[in-house]
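Spelled out, the chains give:
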Protein chains: 2
Amino acid sequence: MSLLTVGSIAFDSIRTPYGSADEILGGSATFFSVTASWFTSVSIVAVVGEDFGEEQFRIFRERSIDTRGVEQVPGRTFRWKGEYTGDMSQAHTLETQLNVFESFVPKIPAAYRDSQYLFLGNIVPALQLNVRCSLPNLRASALDTMNYWIQGMPEDLAKVLATVEILLINEGEARMLSKQSNLKKAAAIIQKLGPRILVIKRGEHGATLFGPESVFTVPAFPLEEVYDPTGAGDTFAGGFMGYLAKTGDLSDSNLRRAAVYGSVMGSFAVEEFGVGRLLRLRPAEIESRYREIKNLTHFDA
Amino acid sequence: MSLLTVGSIAFDSIRTPYGSADEILGGSATFFSVTASWFTSVSIVAVVGEDFGEEQFRIFRERSIDTRGVEQVPGRTFRWKGEYTGDMSQAHTLETQLNVFESFVPKIPAAYRDSQYLFLGNIVPALQLNVRCSLPNLRASALDTMNYWIQGMPEDLAKVLATVEILLINEGEARMLSKQSNLKKAAAIIQKLGPRILVIKRGEHGATLFGPESVFTVPAFPLEEVYDPTGAGDTFAGGFMGYLAKTGDLSDSNLRRAAVYGSVMGSFAVEEFGVGRLLRLRPAEIESRYREIKNLTHFDA
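Residues numbered from 1 in each chain as written. Chains lettered and ligands numbered in written order. Predicted model: local features only at pLDDT ≥ 70, side-chain atom pairs only at ≥ 80, totals over all residues. Heavy atoms only, no water.

## Quick word on the overall build of chain A
When helices and strands are tallied, chain A shows 11 helices and 13 strands. In terms of overall size, chain A behaves like a compact globule, its C-alpha atoms giving a radius of gyration of 18 Å where 301 residues would be expected to give roughly 19 Å. Each principal axis of the C-alpha atoms in chain A carries an extent, and together these give about 60 × 40 × 35 Å. Taking all 301 residues of chain A together, 58% fall into the buried category. (Helix = DSSP H or I, 4+ residues; strand = E, 2+ residues; numbered from the N terminus. Rg over C-alpha atoms; globule rule 2.2 N^0.38 Å. Buried < 20%, exposed > 50% of the residue type's maximum accessible area, 1.4 Å probe, protein only.)

## Observations regarding the packing of helix H8 (residues 232–247) of chain A against helix H9 (residues 252–269) of chain A
A pair of packed helices is captured by two measures, namely the crossing angle of their axes and the spacing between those axes. Residue and element names in this part refer to chain A. Interhelical geometry of H8 versus H9 gives an angle of 140° and a closest axis separation of 7 Å. Between H8 and H9, the angle is such that the two are oblique. Classified by chirality, the crossing of H9 by H8 is right-handed. Mapping the contact onto sequence places Ala232, Thr235, Phe236, Gly239, Phe240, Tyr243, Leu244 and Thr247 in H8 and Asn254, Leu255, Arg257, Ala258, Ala259, Tyr261, Gly262, Ser263, Met265, Gly266 and Ala269 in H9. Residues of the contact of H8 with H9, tallied by class, amount to 11 nonpolar, seven polar and one charged. (Axes fitted to C-alpha atoms, helices over the stretch in contact; angles between N-to-C directions. Parallel < 35°, antiparallel > 145°, perpendicular 65-115°, else oblique. Left-handed = near helix turned anticlockwise from the far one by under 90°. Contact = heavy atoms within 4.5 Å. Nonpolar A, V, L, I, M, F, W, Y, C, P; charged D, E, K, R; others polar.)

## Considering the layout of surface pockets
Put simply, the second largest pocket is a space of about 180 Å³. What lines the second largest pocket is simply A:Lys184, A:Phe210, A:Ser214, A:Val215, B:Phe221, B:Pro222, B:Glu292, B:Asn295 and B:Leu296. Take the lining of the second largest pocket: its biggest share by element is three residues, from helix H11 (residues 283–297) of chain B. Grouping the amino acids of the lining of the second largest pocket by side-chain chemistry returns five nonpolar, two polar and two charged. (1 Å grid on protein atoms, 1.4 Å probe; cavity = no way out; pocket = protein on both sides within 12 Å on 5 of 7 lines; lining within 4 Å. Points joined across faces, edges and corners; volume = space filled by probe spheres on them.)

## Overview of the sheet that holds strand E8 (residues 117–120) of chain A
Residue and element names in this part refer to chain A. Judged by pairing direction, the sheet is mixed, and its nine strands sit side by side in the order E5-E4-E1-E8-E9-E10-E11-E12-E13 without closing on themselves. This sheet does not close on itself; its edge strands, each paired only once, are strand E5 (66–72) and strand E13 (215–218). Neighbour-to-neighbour, the strand axes of this sheet turn through a mean angle of 15°, independent of strand direction. In terms of strand pairing, strand E1 (residues 3–6) meets E8 through four bridges, oriented parallel. What sits directly across from threonine 5, in E8, is phenylalanine 119. Most of the contacts of helix H6 (residues 171–178) go to strand E10 (residues 166–170), to which it runs at about 110°, and overall it touches E10 and strand E11 (197–201). (Pairing = 2+ DSSP bridges.)

## So, H9(A)
For H9(A), built from 18 residues, the straight-helix expectation of 26 Å at 1.5 Å per residue is met to within 8% by its first-to-last C-alpha distance of 26 Å. Burial within H9(A) is extensive, with 17 of its 18 residues counted as buried. (Expected span 1.5 Å × (residues − 1).)

## Notes on the pairing of strand E7 (residues 91–97) of chain A
Residues and elements named next belong to chain A. Across six bridges, strand E6 (residues 78–84) lies against E7 in antiparallel orientation. Across the sheet, glycine 82 pairs through a bridge with threonine 93, a residue of E7. The hairpin turn running from E6 into E7, its antiparallel successor, is six residues long, and glycine 86 in that turn takes a positive phi close to 55°.

## Digging into unusual backbone geometry
Positive phi values are uncommon outside glycine, yet A:Lys179 reaches one of about 55°. When you line up the elements, A:Lys179 lands in the loop between H6 and helix H7 (183–192). Judged by relative accessible area, which is 76%, A:Lys179 ranks as exposed. Of note, B:Glu23 is a non-glycine position whose phi angle comes to about 50°, a positive value.

## Here we look at empty space enclosed by the protein
If a probe as big as a water molecule is rolled over the atoms, it shows which places are left empty. Tallying each qualifying case throughout the model produces one cavity of 30 Å³ or more. Residue assignment for the lining of the largest cavity shows that the elements contributing at least two residues are helix H11 (283–297) of chain A together with H11 of chain B. Residues that form the lining of the largest cavity fall into these classes: one nonpolar, four polar and two charged.

## A few points about the interface of chain A and chain B
Many analyses report the size of an interface as the accessible area lost when the parts associate. Between chain A and chain B, the residue contacts involve 30 residues of the former and 30 residues of the latter. Summed over both partners, the interface of chain A with chain B buries about 3100 Å², with 50% contributed by carbon and sulfur atoms. Applying the counting criterion to the chain A and chain B interface returns six salt bridges. Across the contact surface, chain A and chain B share 20 residue pairs in polar contact (both at pLDDT 80 or more). Of all the secondary-structure elements, those providing two or more residues to the side of chain A that touches chain B are H6, H7, E13, H9 and H11 of chain A. Per-element accounting of the side of chain A that touches chain B gives the leading share, six residues, to H11(A). Its residues assigned to classes, the side of chain A that touches chain B shows 11 nonpolar, seven polar and 12 charged. (Buried area = accessible area lost by both parts, 1.4 Å probe. Salt bridge = Lys/Arg side-chain N within 4 Å of Asp/Glu carboxyl O. Polar contact = N/O pair within 3.5 Å; in protein donor to acceptor, adjacent residues only side chain to side chain.)

## A closer look at the sheet that holds strand E7 (residues 91–97) of chain B
Residue and element names in this part refer to chain B. Strand order in this open sheet of four strands is E3-E2-E6-E7, and the pairing throughout is mixed. Edge positions in the open sheet fall to strand E3 (19–26) and E7, since each of these has one partner strand only. Taken pair by pair, the neighbouring strands of this sheet meet at an average axis angle of 15°, ignoring direction.

## Topic: the environment of B:Glu83
Residues and elements named next belong to chain B. Mapped onto the secondary structure, glutamate 83 falls in strand E6 (residues 78–84). As a C-alpha pair, glutamate 83 and serine 20 span 63 residues in sequence and 8.9 Å in three-dimensional space. Every residue in contact with glutamate 83, bar those within four places of it in the chain, is listed here: Arg15, Gln90, Ala91, His92 and Leu94. A distance of 3.3 Å separates the side chain of glutamate 83 from the side chain of arginine 15, its partner in a polar contact.

## Let's talk about the pairing of strand E8 (residues 117–120) of chain B
Residues and elements named next belong to chain B. Residues of E8 alternate between two faces, with Tyr117 and Phe119 on one and Leu118 and Leu120 on the opposite face, all of them buried. As paired strands, E8 and strand E9 (residues 140–143) are joined by four bridges and run parallel to one another. Each bridged residue has a counterpart across the sheet, and for tyrosine 117 the counterpart in E9 is alanine 140. Read from E8 through helix H3 (residues 125–133) to E9, the crossover connection turns out right-handed. (Right-handed = clockwise from strand over helix to strand, strands pointing away.)

## Details of the relation of the copies chain A and chain B
Mapping chain A onto chain B calls for a screw motion: a turn of 180° about the axis and a shift of 0.0 Å along it, with 0.0 Å RMSD after fitting. Accordingly, the operation relating the two chain copies is best matched by a two-fold axis. Interface overlap between copies is the fraction of interface residues in one copy that are interface residues in the other; for chain A against chain B it reaches 100%, indicating a shared surface. (Least-squares fit on C-alpha atoms with pLDDT ≥ 70 in both.)

## What about the packing of aromatic side chains?
Applying the stated rule across the entire model yields 28 aromatic pairs over all chains. With a centroid separation of 4.8 Å and an interplanar angle of 75°, the aromatic rings of A:Tyr148 and A:Trp149 are classed as edge-to-face. Given the relative accessible area of 56%, A:Tyr148 is considered exposed. With a relative accessible area of 12%, A:Trp149 lands in the buried category. Ring geometry for B:Phe101 against B:Phe104: centres 5.7 Å apart, planes inclined by 20°, an arrangement best described as stacked. Exposure class is identical for B:Phe101 and B:Phe104. Each is buried. Chaining the aromatic ring pairs together yields one cluster made of A:Phe39, A:Phe216, A:Tyr243, A:Tyr261, A:Tyr290 and B:Phe299. (Phe/Tyr/Trp six-rings, centres within 6.5 Å; stacked < 30°, edge-to-face > 60°.)

Right, here's the structure in full:
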C-alpha cells in the first residue's frame, strides 16, 4: 500500500574516523524513501533549491520514488555539515544552512491524497500536524521528532502526537519527552500522549518496540565497521514503515517483523556514506540479514 | 555438577537515587554463589575477617552453599563504599578498605578438588592462575577481570586467559583488553587469547555471547525500577555458570540458554540492595522471567 513521507532533502557534508564526504544527498525524506522503496511504493513531499539537479532526481527515480511532491524553489537546498568522533554515537553539527527548508510549507499533491501510510519526518510539529490533518484516510501515521521541538514547542508537539499511531524516537528523546529516565515508565507515559506504538531507537544497542499488546527488543546487527551513522534512524523508520505499508498488517507479530526490518535496513545504511549502500541492495541481502538477526536472537524456550 | 567460585566477600555500603544501605553482605563470591545455588551445588573459596559472624554464614547455609573454603583470619572483612547517580550505569567508589582481602591467597580445600566448573571472580590474575592450575580436572572454567588488571598486569592476565574456556567482562573492558573499539572485532581478538566463549555484558542493554559457533544477543529484562546495580555482573555470571554446571552441556544452544538465565538472574539482583531478592526467589519466578525474555525477543522467521 502507498506510503507518503514528508521531511527534508539535504546536501550533507560528513566527517567520520573512516573518511569524509562532501555535499552528498541526505535528509530524512531521502533516507526514508530510498529504504522504504524496497518494500512498497513511496512518495515524497519536500523542498529543494535551484541547485538540486537531474543527477539527484535520478536517484529517486531509480527507486521508483514519486517526487511530484518535491517542490523546487529559488535559493539553495538545505545543507548540513557534521562530524562523528570516538564511538560515533553522536553527531556534532559543524554547520547548518536551512536555506529553502527554512520557509518550507508542505503541500500535498492531489495524487497523494489516497496515501494509506504516512511518515512525518523530523520537521516543525505545527507543519507535521497540518499534513496529518490533511490526510483523513490514513490507515496509520508515524512521527519522528527531536530534542529541539520537545523542549521548544511542547504544545505543538503534543497536538500532533495525539493524532498519530506510531512514534519513532531515540532513547534520549524518549526520556526528555516523558521526563522519566526509566524507559519502561517513559514508554507508558508516551503511549498515553497518543501513539499506541512506540519504537525507541538505541543506536548500536538496537531498538525496543512498545506495542499495544507487548514489548519487543531487536538488537542492532553486529557490524565490523560503521562508516557513517547519518540517516540510520530514518532508515530504521523506512524499513519499519515500508514493511507495515507493504503488508497492511498492524498485528503484534507483524509489528515485530517490521522492527526487525528496521534494524536490518539501519545496518546497511551505516556501511557507507550517504544512501549508496541502500541504493545497491538486493532483496536477497535484506532477507539474509533478517535471518541472521533471527539466528542472533533465537533460543529454545 | 559441582561449581566452585573464588572471589571476594565484602561488606558494601551503597547509595543510589533510591536509598542507601550500610555494611550489607556483598562481594563477587557472594553474588555469584547465591545466584548459582538456584541451579547447582556451589562452593566458595574466599577470606573474611573476625567481624564476619554467624549471621553472615547463615545466609550461605540457607542456600546450601559450601563455605568450607571460606578462611576466617584476624582483621576486618573487605569493605567497599560506593555511589550511583543519574542513570546508575557506573559506580563511583567512595572508599575501599581491602583489609583481610589484601593478603588473600586462595587455598582450595581437598574436598573441592573434584569441582567440575570454576568461576574465577575478579581478583589478582596471578592468584586466578594459581587456582586454575591447581584444578586439572575441570570441565570448564570462567574468568572475570577488570580495567585495573587489564592495564596494570597484562602479562599475568594473558597467562590466565590462555587457560580458561569462558570470559565474562563488560563492554568497556572488552574494548580495553582488545585495544579495539568495534565489539565484533574486539571479540575475535579476545577469543584468540584463550577463551573460546566470550560474554560481553552491556548493562541495561543486555549481553552478547560470542561462542565458538555463533553470536547471540540477549536483552536485559526491562524493569520499572533499578534500585541497586551492585553485583549485577557477578549475578549474571552466577546464572550463566550455574546453568552450565547444572546441565553439563556446552553446546551452542545451551550456551544461549545459559546467557538468558544470566540476564534473568541479573534482573532480580538489581531489584533490591544486596542479595535480598536473590535469596527470596522461587524457581517459578526464574522460569517465568525466562519465558518473558523469550516473548520479548521472539519474532517469526
